[in-house]
Amino acid sequence: MGKLAHSFVSAVKELLIRDTVRETAAVWVTLAYLCFQLYRTFLNPLPPLILRPIHVTLMCLLCYLSVPVDKESSLLKKIINTGLEWLSILSTPFLLWYAVTQYSRLNSRISYLDPVQLIDHIACILLVVLILGIIWRTIGKVLAIFIMIFIAYVWVAPYLPGVLHYDGMSLDKFTDLIIMGTNGIFGSATSASSTFVFWVMIFGTLFATTGGGDVLIDIGIKAGARSNDNSGPAKAAVVASGLMGMISGSAAANVSGTGTITIPMMKKAGYTPESAGAIESVASTGGQIMPPIMGTSAFIMAEMLGISYGKIATSAIIPAAVYYISVFILVTLMAKKSVRNGQRVEMPPVKEKILPRLYLLAPVVVMVAVLGMGFTIQRAAIYAIGTVLVLNVISPKMRHSPKKVVAEFLNATRRTGTVAIPVSGCGIIIAVVSITGLATRISNLIFEVGSVNILLGCLITMVGVMLLGMALPTVAAYLTAFVLFVPTLRALGIDNLAANMFILYFGVFAQITPPVCVASYTAAGIAGADSWKTGWTAFSYSIVAFLAPFMFVVKTGLLLQGSIMDIVSATAILMVGTIFLDIGVAGYLKTPMKRVERILFVASGFITCLPIEHSDPIGIAMGIVLVVLHIIRWRASEKKDTPQIA
């Protein structure tokens, strides 16, 4: 009995007491947050105006404690970071008190009419400063600066001309917007990170470290070994993330779940952190256009159009399939390019047979099944976690000590901070864009300018929808674009279903388009990558998604409308344009390309798919010429490098 007690004390000490005061404090704050999530999930579901402020406050403190100041930083940076750390430590009790004691007042008040108090101003300023400091310290200065620009905009907008003009706001109105309701910092983005994203990340971490992740890695290794390049893990990531994204309908949640498994797998295969994060976010986001589930927006579309959801899901099959085929081609070309450049990473051998271990994927099957039955993402993640824990008990392949399981719970909880705080920061941007009407004013302007021809109309609609998609959740962006842009597309003679699919596509892929790309920032946090570079890399990888909408507005065969010949020809043209675009983005076919050659390939892909009469034969001819010239150059270089035998 004494030996058992001693073992328990030793385990607790190892888990909760670390070498330094900072590390010990970080572990205890992590434990406190984990207990808070268990409490609000299983015992007392808290209202948003209590849950979200507590979540953001504890995440800020945890991030400051978990990410120490870089020892090589300048003296000024050390002073600023140390000051922010103490500000977080000292302000945490006040912010927690504010969230709990002010709930009744905040919940019953009328926004922008009821008075704002001094404590509201203090809480607002503290949270904004702490969030900006964390983002600068953990994610990168670009996003922090971008948020500061939007904050500054509301004060300088009265002095700006044209569409940028806005009457401005007072400190009272700004405070009201940012923290005194379910907008701003405590908006829909924070709602996700404070609820289901947490449990999805817990599931992903447990699954990855208790056997299931090894199976996925081995599948990727098998695929990579067969293809003789480094693309296997990326292909496995595309499949897993695409399937999960299709069910969940949330790119950020899917990234936070599958990304904890797939991103390390890709990095192990030689992909840079930015490329690994980008591939994960591209695959996860594409799930929202992949039948049969397609997330939430497609159900809303069916309601708005008065047609069956089955028709919408069926019409989306070809564009979605081409999108994922494109991602497969892209990662293959990138892998071949890295091998060509001497960057090949030898895959470790698969030590055990995969088939007898497939049961370890049961937690993923459970999660997908629960989502498919219509339950929430959070419940699906919790059931999946339960499956992991059951397998941990009954399976010798997954059996770990309770200390190991608790340690993984704590590790996953700590990692949620790198996701939660950037998401809350994006909430500030969303709030400013919404309250100022900036997106709507720009949309109105391009609406007036663009109703000249179908290409210009599609281009301005794309810009407008992406502005909305950056500022609003997918469903809200779709509904707003439905009112603003569908009439324009219909007036240009575009089919109703095609017009609605057009705005859905760009509303979805705005989520991985900088500067507001929550899915990419989430992936960057997991990959330990630069968020800004990851966002732009994901944008370039997903650019093929910009081709399909421009095609199906005039070639509705892509949406399975029309004759068999219409469907086959439209699909073939899109596939050819996609291949040209992938070659240009990867910068490789048989040998690495120069910048001019890459630009020409990208241009040929776009020209092939433009909604202009006779543009497709021009683009195809251009692409074929480029391929022939490239092969000629490659053969010449191969011949030059081959030693001549006398």
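Scroll up to find the structure.
Residues numbered from 1 in each chain as written. Predicted model: local features only at pLDDT ≥ 70, side-chain atom pairs only at ≥ 80, totals over all residues. Heavy atoms only, no water.

**Examining the overall build of the chain**
Scanning the chain from N- to C-terminus turns up 32 helices and 0 strands. Within the chain, buried positions represent 55% of all 646 residues. Surface summary for the chain: the accessible area is close to 27,100 Å², and the carbon and sulfur share equals 68%. (Helix = DSSP H or I, 4+ residues; strand = E, 2+ residues; numbered from the N terminus. Buried < 20%, exposed > 50% of the residue type's maximum accessible area, 1.4 Å probe, protein only. Areas by Shrake-Rupley, 256 points an atom, 1.4 Å probe, with all protein chains shown as cover.)

**Side note on the packing of helix α8 (residues 171-179) against helix α21 (residues 417-436)**
Contact geometry of α8 with α21 gives a least axis separation of 9 Å together with a crossing angle of 125 degrees. Relative to α21, the element α8 is oriented oblique. Handedness of the α8/α21 crossing: right-handed. Packed against α8, whose contacting residues are Lys173, Leu177 and Ile178, the element α21 presents Ile428, Ala431, Val432 and Ile435 at the interface. Considering only residue class, the contact of α8 with α21 consists of 6 nonpolar, no polar and 1 charged. (Axes fitted to C-alpha atoms, helices over the stretch in contact; angles between N-to-C directions. Parallel < 35°, antiparallel > 145°, perpendicular 65-115°, else oblique. Left-handed = near helix turned anticlockwise from the far one by under 90°. Contact = heavy atoms within 4.5 Å. Nonpolar A, V, L, I, M, F, W, Y, C, P; charged D, E, K, R; others polar.)

**What about the side chain of Thr461?**
Residue position: Thr461 is located in helix α23 (residues 454-471). Beyond its immediate chain neighbours, meaning those up to four positions away, Thr461 contacts Phe485, Leu489, Phe502 and Ile503.

**Observations concerning the packing of helix α14 (residues 273-286) against helix α28 (residues 531-541)**
Closest axis-to-axis distance for the α14/α28 pair is 8 Å, and the angle between their directions is 55 degrees. Taken together, the axes of α14 and α28 are oblique relative to one another. For the pair α14 and α28, the crossing hand works out as right-handed. Residue-level inspection shows Glu274, Ser275, Gly277, Ala278, Ile279, Ser281 and Val282 of α14 in contact with α28, the latter providing Lys533, Thr534, Thr537, Ala538 and Tyr541.

**A short note on the packing of aromatic side chains**
Counted by the stated rule, this structure contains 17 aromatic pairs. Between Phe42 and Trp199, the aromatic rings sit 5.9 Å apart at their centres with planes inclined by 70 degrees, giving edge-to-face as the arrangement. Placement of Phe42 in helix α2 (residues 21-42) and of Trp199 in helix α10 (residues 196-209) is noted, with a sequence separation of 157 residues between them. On the numbers, 5.2 Å between centres and 90 degrees between planes, the contact of Tyr323 with Tyr324 is edge-to-face. Of the residues examined, Tyr324 reaches a relative accessible area of 8% and is grouped as buried. Three or more aromatic residues joined by ring pairs make a cluster, and in this case those are Tyr33, Phe36, Phe42, Phe198 and Trp199. The positively charged end of Lys590 is found above the aromatic ring belonging to Trp634, 4.6 Å away from the centroid. (Phe/Tyr/Trp six-rings, centres within 6.5 Å; stacked < 30°, edge-to-face > 60°. Lys NZ or Arg CZ within 6 Å of the ring centre and 35° of its normal.)

**Observations regarding the nonpolar core**
By size, the foremost hydrophobic cluster in this structure holds 193 residues, and its most contacted members are Ile179, Ile185, Phe502, Ile503 and Phe552. In terms of residues, this core owes the most to one element, helix α3 (residues 48-66), which gives 13 residues. Here Phe502 is in contact with Cys458, Thr461, Met462, Leu489, Pro549, Phe550, Phe552 and Val553, once residues within four sequence places are set aside. (Core = buried A, V, L, I, M, F, W, Y, C linked by side-chain atoms within 4.5 Å.)

**Some words on the pattern of salt bridges**
Counting across every chain of the model gives 4 salt bridges. Between Glu85 and Arg137 there is a salt bridge, and its shortest N-O distance comes to 2.5 Å. Of this pair, Glu85 sits in helix α4 (residues 75-101) while Arg137 is found in helix α6 (residues 118-139), placing the two residues 52 residues apart along the sequence. Pair check on accessibility: Glu85 and Arg137 agree, each one buried. Ionic pairing is found between Glu597 and Arg633, a salt bridge with its closest N-O pair at 2.9 Å. Of the two residues, Glu597 sits in helix α31 (residues 595-609) while Arg633 sits in helix α32 (residues 615-641), which places them 36 residues apart along the sequence. Judged by relative accessible area, which is 34%, Arg633 ranks as partly exposed. (Salt bridge = Lys/Arg side-chain N within 4 Å of Asp/Glu carboxyl O.)

**Regarding α2**
Under the 1.5 Å per step criterion, the end-to-end length of α2 is 31 Å for 22 residues, consistent within 8% with the ideal 32 Å. Within the span of α2, buried status applies to Thr24, Ala26, Val27, Val29, Thr30, Tyr33, Leu34, Phe36, Gln37, Arg40 and Thr41. (Expected span 1.5 Å × (residues − 1).)

**Considering the environment of Val508**
Looking at where Val508 falls in the secondary structure, it is placed in helix α26 (residues 496-509). Taking C-alpha positions, Val508 is 8.4 Å from Met466, a pair spaced 42 residues apart along the chain.

**Some details on α31**
The α-helix winds at 3.6 residues per turn, so residues separated by three or four positions along the chain end up facing the same way. In a regular helix each residue adds 1.5 Å, so 15 residues correspond to 21 Å; α31 covers 22 Å between its end C-alpha atoms and thus fits that length. Of all the positions in α31, only Glu597, Phe601, Ser604, Gly605, Thr608 and Cys609 are classed as buried. In an axial view of α31, the angular spread of the buried residues amounts to 125 degrees, which keeps them on one side of the axis. Residues of α31 that are exposed and point more than 90 degrees away from the buried face comprise Arg595, Val596 and Ile599. (Arc of directions from axis to C-beta.)

**Some details on the side chain of Arg137**
Given a relative accessible area of 16%, Arg137 falls into the buried group. Within the structure, Arg137 has its side chain in polar contact with the side chain of Glu85 (distance 2.5 Å). (Polar contact = N/O pair within 3.5 Å; in protein donor to acceptor, adjacent residues only side chain to side chain.)

**Examining a nonpolar patch on the surface**
The grouping of Ile624, Val625, Val628, Leu629 and Ile632 at the surface amounts to a nonpolar patch, some 450 Å² of accessible area in total. Note that Val628 resides in helix α32. Overall, the relative accessible area of 42% leaves Val628 in the partly exposed class. (Patch = residues over 30% accessible without salt bridge, like charges linked within 9 Å, V, L, I, M, F, W, Y side chains within 5 Å.)

**Focus: unusual backbone geometry**
Peptide bonds are, in most cases, trans, and in most cases residues other than glycine have a negative phi. Positive phi outside glycine occurs at Tyr112, with the angle close to 70 degrees. Of note, Tyr112 is situated in the loop between α5 (103-108) and α6. By relative accessible area, which is 37% here, Tyr112 ends up partly exposed.

**Focus on the state of the cysteines**
For the coordinates displayed, the defined rule picks out 0 disulfides. Cys63 supplies the cysteine sulfur nearest to Cys60, a cysteine that is in no disulfide, at a spacing of 6.9 Å. (Disulfide = S-S within 2.5 Å.)

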